[in-house]
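Given next are the chains, with one letter for each unit.
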Amino acid sequence: MNEFEGETAVVTGASSGIGRASALRFAEEGANVVVADVDADGGRETVELIEDAGGDATFAEVDVSDTASVERMVEVAVETYGSLDIAHNNAGILTGFVETTGIEEAQWDRIVDINLKGVWACMKAELPVMVEEGGGRIVNTASEAGLVGIGGLSSYSASKHGVVGLTKSVALEYATRGVRVNAVAPGPTETNIQSGVLGSTPGSSSLLDRIRTAVELLRMTVRTLRADYDTSAMREVPMDRIADPEEIAGPVAFLCSDDASYITGQTLAVDGGQAAD
Ligand code: NAD
């Protein structure tokens, strides 16, 4: 598999979860990978995993909510590997469940700064380099929560709907300049974001048990946070399991591949059927 041989891929949020799986996948298919994240320890682990598998990777410390930091990340890619061909703008955070009137202004700003402004900041820095090189491919990580509303997660959902709209608009701007811009909308995926909010414990039991535990913990958390907030109507996953990060990384790689050469401005739901429900 050498779909991306000799190309340079930047992946934000690559210190864990979906970003790490995507960084490993790009490296497996021949790309030089810039592993970008605020978490330096996790980032170095991802670099080691890539190097152990015979790939080439460099860590770039970045806070995607800071445009100057993002510009440096792109400089690292160009200085280290001489190009920037692929970007997976994936870094994101999730809040605990709380009703809209309970959201603090600082929490709102933090979610939007990282999840939405961060994706804009990345594309603002990446696009000129890609255009100058004659083209590129960008995939932004949205969410199932970017396609439907989720009670108790309004700031997160708004930020991810923003990513979907941003992706469509930038795709139109760059459609004739050789840069394809798409998004993935993952459903529930087994990563630190899930463990942090839902309390699941990877590896401790079957996936189905972990989903049940996670949903129950979620309901308990919500009952504690807002006595009047009922999550019993939350949507189930039709495939009855949550995703492994690699199941998101595959579709990301597809959107960056030549097989997707006529696809731009799309948000691909990778969600075990949730969007069809
Ligand atoms: P994760 O917590 O494992 O990974 C997120 C990574 O982003 C972490 O390494 C973290 O250090 C990094 N990060 C956070 N803030 C950052 C910042 N300001 N600058 C740079 N890096 C930062 O979670 P994940 O599930 O792999 O999340 C990846 C993306 O997938 C996020 O955008 C998330 O919203 C999205 N997503 C996840 C799920 C899920 O169920 N796991 C579902 C839908 C969408």
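The structure presented is a predicted model; accordingly, all values stated were derived computationally and were not measured.

On to the sheet that holds strand 2 (residues 32-37). The sheet built from 7 strands is open, its strands ordered 3-2-1-4-5-6-7 with parallel pairing. The sheet is open, and its two borders are formed by strand 3 (56-61) and strand 7 (267-270), each paired with just one other strand. Neighbour-to-neighbour, the strand axes of the sheet open up by a mean angle of 20 degrees, direction not taken into account. Pairing analysis gives 4 bridges linking strand 6 (residues 179-186) to strand 7, with the strands arranged parallel.

For N115, the position within the fold is in helix 4 (residues 105-133). Here the side chain of N115 touches I93 through a polar contact of 2.9 Å, landing on its backbone nitrogen. Residue contacts for N115: discarding those within four places in its chain leaves A91, G92, I93, Y156, S159, K160 and V163.

Moving on, we get to helix 3 (residues 67-81). Across its 15 residues, helix 3 extends 21 Å between first and last C-alpha, which sits within 8% of the 21 Å expected from 1.5 Å per residue. Listing the buried residues of helix 3 in full gives S69, V70, M73, V74, A77 and Y81. An end-on view of helix 3 places all buried positions within 145 degrees of arc, on one side of the element. For helix 3, exposure combined with an orientation more than 90 degrees from the buried face picks out R72 and E79. Near the N-terminus of helix 3, the side chain that reaches the backbone nitrogen of A68, with its oxygen 3.1 Å away, is that of D66. Positive backbone phi, approximately 80 degrees, marks G82, located one or two places after helix 3.

Our focus in this paragraph is the site of the ligand. Near the ligand lie 29 residues; those nearest to it are S16, D37, Y156, T191 and Q194. Here an oxygen atom of the ligand sits 2.8 Å away from a polar atom, N or O, in the main chain of I18. Protein coverage of the free-state accessible area of the ligand, which is 820 Å², stands at 92%. Of all elements in the fold, only helix 1 (17-28), helix 5 (154-174) and helix 6 (192-198) reach the threshold of two or more residues within the shell around the ligand. When grouped by side-chain class, the residues that make up the shell around the ligand number 12 nonpolar, 13 polar and 4 charged.

Sheet faces and side chains relate simply in a regular strand, where the side chains alternate between the two faces. With burial as the criterion, each face of strand 4 (residues 86-89) is covered, one bearing I86 and H88 and the other bearing A87 and N89. Bridging between strand 1 (residues 8-12) and strand 4 involves 3 bridges; their strand directions are parallel. Among the inter-strand pairings, A9 is bridged to a residue of strand 4, identified as I86. With 4 bridges connecting them, strand 4 and strand 5 (residues 136-141) associate as parallel partners. When the bridges of strand 5 are listed, H88 appears paired with V139.

With that out of the way, let us pick up the nonpolar core. Counting residues in each nonpolar core, the largest one holds 34 residues, and the members touching the most others are V70, M73, M123 and I138. Put simply, the parts of the chain that give this core at least two residues each are strand 2, helix 3, helix 4, helix 5 and strand 6.

Moving on, we get to the pattern of salt bridges. Enumeration according to the criterion identifies 4 salt bridges in this entry. Of the charged contacts, one joins E7 and R137 as a salt bridge, the two residues approaching to 2.6 Å between their closest N and O atoms. Remark: R137 occurs in strand 5 and E7 occurs in the segment before strand 1; sequence separation between them is 130 residues. With relative accessibility at 18%, the residue E7 sits in the buried group. Note that R241 is salt-bridged to E247, the shortest N-O span being 2.7 Å. With relative accessibility at 29%, the residue R241 sits in the partly exposed group.

The rules we used
- Residues numbered from 1 in each chain as written.
- Predicted model: local features only at pLDDT ≥ 70, side-chain atom pairs only at ≥ 80, totals over all residues.
- Heavy atoms only, no water.
- Pairing = 2+ DSSP bridges.
- Helix = DSSP H or I, 4+ residues; strand = E, 2+ residues; numbered from the N terminus.
- Axes fitted to C-alpha atoms, helices over the stretch in contact; angles between N-to-C directions.
- Polar contact = N/O pair within 3.5 Å; in protein donor to acceptor, adjacent residues only side chain to side chain.
- Contact = heavy atoms within 4.5 Å.
- Expected span 1.5 Å × (residues − 1).
- Buried < 20%, exposed > 50% of the residue type's maximum accessible area, 1.4 Å probe, protein only.
- Arc of directions from axis to C-beta.
- Near = heavy atom within 4 Å.
- Areas by Shrake-Rupley, 256 points an atom, 1.4 Å probe, with all protein chains shown as cover.
- Nonpolar A, V, L, I, M, F, W, Y, C, P; charged D, E, K, R; others polar.
- Core = buried A, V, L, I, M, F, W, Y, C linked by side-chain atoms within 4.5 Å.
- Salt bridge = Lys/Arg side-chain N within 4 Å of Asp/Glu carboxyl O.

Functional significance is not addressed by these values, which are geometric in nature.
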